[in-house]
Every structure is written in structure tokens, then in C-alpha cells.
Amino acid sequence: MNETVIQFDRHQHNTDEKCQERILNSKRNLKDSLIILGHHYQNESVYRHADYTGDSLKLAQYTQALDAKYIIFLGVHFMAEVSNILSRSDQVTILPDLSAGCQMADMADLQKVERSYRELNKVLNFDQTITPITYINSAADLKAFCGDHDGIVCTSTNAPKILEWAFKSKEKVLFFPDQNLGRWTGFKMGINLDEMVVWDPDLPLGGLTKEQITKAKILLWKGHCAVHQMFRLDHIKKFRSDHPDGIVISHPESPFEVCSNSDFVGSTEFILNTIKNSDSGTKWLVGTELNLVNRLANEMIKEDKMVKFMSHVICECSTMARIDPQHLAWVLENLENNNIVNEIIVPEAIAKSAKIALDRMMQVV
Ligand code: CIZ
Ligand code: SF4
């Protein structure tokens with residue numbers, strides 16, 4: 001650091017338009033030292049500046065392959081942590097607003113996961129029958145827990161393969177933090193619904209009986225995404241009655257009844273590819289985050305495809321929306337002045353164990 005840090009106050013009142021100019025200017029000046037990664041759920045005002053876009057898996061893979069010194073992450077905190085863990089030690093990952101978290105990720109913490117795992121093992125006579133699987137939407141210390149306990153990370157794209165991997169070595173899985181992704185993926189593998197029970201970490205024994213735990217194949221952490229939780233079966237019924245030839249596609253973070261009444265269920269990459277590769281003139285109802293759906297709807301107009309958002313209320317990822325042009329301009333201008341602000345650094349010991357769980361995932365997919 002050799003210049004005075006520019007404080008955010010100097011940017012927060014700038015208009016979006018002013019910030020757009022400043023961002024472009026900084027990008028020009030920083031040239032190849034900088035790469036900007038953008039998640040599909042990010043809003044247009046910053047998404048347009050991304051050099052690469054994708055879901056968290058694709059973005060994680062980019063961070064392993066990129067050369068730039070500075071990686072600016074237009075996404076949420078857990079994604080920037082993964083970028084820091086997988087990138088080289090001389091690279092710097094920056095999250096323009098540190099308060100951009102993931103509400104679902106926050107539904108599981110290390111203390112509760114450790115206690116739950118201990119309690120479960122006690123009921124199961126320490127027979128080492130459980131594999132912990134964390135959805136990538138989780139803090140780095142939970143990924144580290146999985147790395148240290150023969151567990152693994154999954155994303156919504158690779159969850160089926162990861163569950164298969166887990167069941168090859170042990171009979172049960174503790175799946176956190178998203179119960180919906182765990183349930184849907186297990187169901188598609190042929191596991192009965194009554195063999196997938198919800199584990200409430202705030203209740204003794206997860207609110208379950210010993211028999212339920214012994215019988216269960218997947219213990220589903222009581223967590224969910226508030227955005228995807230808004231989608232309802234009624235939305236699908238109304239769409240199907242208005243458009244009998246319409247097609248419904250949902251994200252597996254949606255409630256079970258939404259997934260089971262959809263024509264297709266899959267990750268954001270799957271949703272984008274399926275609709276982009278569909279026939280012209282098709283009509284789609286899409287159950288995932290609003291920014292992605294709006295962007296896709298605009299793109300598909302020229303191919304005469306109708307893309308409709310599943311809910312009547314605005315379901316935006318409000319934490320991702322905290323990454324705005326003001327914060328992006330601010331971190332970039334600091335970099336131009338040789339100041340790194342909002343760097344995400346995962347402590348070394350946590351990063352090492354988390355990388356084990358992430359590497360296991362990368363080897364499976
Ligand atoms: O993995 C991701 O990026 C998320 C949060 C959703 C998805 O399906 O891509
Ligand atoms: Fe987290 Fe939901 Fe936002 Fe995805 S949409 S980042 S799960 S809060």
C-alpha cells in the first residue's frame with residue numbers, strides 16, 4: 001500500500017451512470033492485472049462488467065485457471081472464499097461489499113454442524129456411517145469440516161454425482177445447509193421420502209427419534225433459500241392453464257412440490273442451456289432468481305421464446321444486490337491507487353482442509 005485508501009463515502013453518492021464511466025476507466029487502466037467474475041444472479045448494473053460469468057462451479061473453475069493478480073468477485077461471500085482457496089497465493093480476491101452474504105449459507109454454522117455430527121455418530125454407535133456433504137453455499141469452515149471428516153462439497157450442478165460418490169463408501173449422508181437440494185437429488189436417485197428426514201440443529205437429536213435416524217439415508221439440514229422458497233405449485237398450475245403447451249423449469253433449491261411438478265429441474269447453468277437450446281416459439285416458466293430470468297427473457301425475445309418468472313412477487317437475491325456500481329467503482333479506484341480493499345482471505349488452516357473437500361468434488365465431476 002503506498003497511497004491513502006479512498007473511503008467509500010466518496011463513492012456512495014455517485015449516480016450509477018457516473019460509476020459506470022469510472023468502472024470502465026479503471027478497467028482500462030488496470031488492464032490484464034484484473035479479472036472480474038460475475039454470478040448469474042447479479043444484477044445488470046454490475047454484471048455487464050464481468051469478464052467471465054457462470055454459476056459458482058464454473059466460476060470456481062475459472063479461478064483455478066486465471067492468471068490475473070486481482071480477482072473481483074461479483075457474487076456473495078462464500079463464492080469469494082472459494083476463489084481465494086482455489087487461486088494461487090499471489091492472487092488477491094476482492095468482494096466489493098463485504099456484507100454480500102448468502103442467507104442460506106448462514107443457516108448452518110460450524111458449532112451446530114460439529115454438534116449435530118457428534119450427536120448423530122453417538123446414536124449410530126460411532127460406526128462411521130455418515131458422510132458430511134456441504135452445498136457450496138456455505139462458509140469455508142464448513143467445507144473444512146467436510147475435508148477433515150471424509151466429506152465433500154457439492155453444487156447444484158453436480159449434486160447427483162456427489163451423492164452417488166458418498167453412498168459408495170458410507171450408508172448415510174448429513175446434507176447441509178439446503179434441505180431442498182438434498183431432498184430433490186436423493187429423490188431422483190430413488191431414495192424414498194421417508195428415508196430423508198429433516199434435521200433441526202436447534203432441537204435435541206435434530207427433533208428426530210433414534211429409529212428415524214437409524215432408518216434415514218439422508219439427514220437434511222433444516223435450511224433453505226428464501227428466494228427459491230417463494231415459488232409455489234399454484235404458480236405452475238396457473239401457467240399451465242394459461243399456456244397448456246408451456247414448459248416449466250425450476251432450480252432444485254425450490255420446494256419439493258415445485259420441483260416434482262416441473263418438466264425440468266436443474267442448476268442455473270442447466271436452466272440457461274436448456275432454454276437457449278430449445279425450439280423457437282417455446283414458452284417457459286422459470287423458477288429461479290429474478291435477475292437471471294429477466295436477462296434470459298430479454299435475450300430470448302429475438303428467438304421468439306417466451307420466458308416468464310415463476311412468482312408474482314419480486315424474488316431477487318437481495319444480498320447479491322449489495323454489489324452495486326458504487327462499490328465496484330470504489331474497489332477498482334483503490335486498486336488503481338495500489339490499495340487493496342475488501343480482500344477475502346480464508347485463514348490458512350481452514351483453507352487447507354476446505355481445499356481437500358473442494359478437490360474431492362473436482363475429481364468426481
Ligand atoms: O451454484 C450456484 O452458482 C448457485 C448458487 C446456483 C446455481 O444453480 O448455479
Ligand atoms: Fe444464497 Fe438464495 Fe442468494 Fe443463492 S439466491 S446466493 S441461495 S440467498
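Residues numbered from 1 in each chain as written. Chains lettered and ligands numbered in written order. Predicted model: local features only at pLDDT ≥ 70, side-chain atom pairs only at ≥ 80, totals over all residues. Heavy atoms only, no water.

Asks: I keep staring at the overall build of the protein and nothing clicks. Help me out?
Replies: Each helix and strand counted, the protein has 16 helices and 13 strands in total. Against the 2.2 N^0.38 benchmark of 21 Å for 365 residues, the protein shows a C-alpha radius of gyration of 21 Å, consistent with a compact globule. Projected onto the principal axes, the alpha-carbon positions of the protein cover approximately 60 × 55 × 35 Å. A burial count over the protein gives 57% of its 365 residues as buried. If you take every contact in the protein between residues at least 6 apart in sequence, the share linking residues at least 24 apart comes to 68%. (Helix = DSSP H or I, 4+ residues; strand = E, 2+ residues; numbered from the N terminus. Rg over C-alpha atoms; globule rule 2.2 N^0.38 Å. Buried < 20%, exposed > 50% of the residue type's maximum accessible area, 1.4 Å probe, protein only. Contact = heavy atoms within 4.5 Å.)

Asks: Before we go on, may I ask you to explain the domain arrangement of the protein in this structure?
Replies: Many descriptions give the size of an interface as the accessible area lost when the pieces come together. Considered domain by domain, the protein is made up of domain 1 (9-100 + 319-346), domain 2 (105-224) and domain 3 (231-309). Computed over C-alpha atoms only, the centres of domain 1 and domain 2 are separated by 32 Å. Taken together, the contacts link eight residues of domain 1 with nine residues of domain 2. Summing both partners gives a buried area of about 650 Å² for domain 1 against domain 2, and 69% of it is carried by carbon and sulfur. Among the residues domain 1 hides against domain 2, the three largest losses belong to Leu-57, Phe-78 and Glu-81. Together they make up 59% of the total. Counting across the interface, domain 1 meets domain 2 through zero salt bridges. At the surface where domain 1 touches domain 2, the tally comes to two residue pairs in polar contact (both at pLDDT 80 or more). (Domains from an automatic or database assignment. Buried area = accessible area lost by both parts, 1.4 Å probe. Salt bridge = Lys/Arg side-chain N within 4 Å of Asp/Glu carboxyl O. Polar contact = N/O pair within 3.5 Å; in protein donor to acceptor, adjacent residues only side chain to side chain.)

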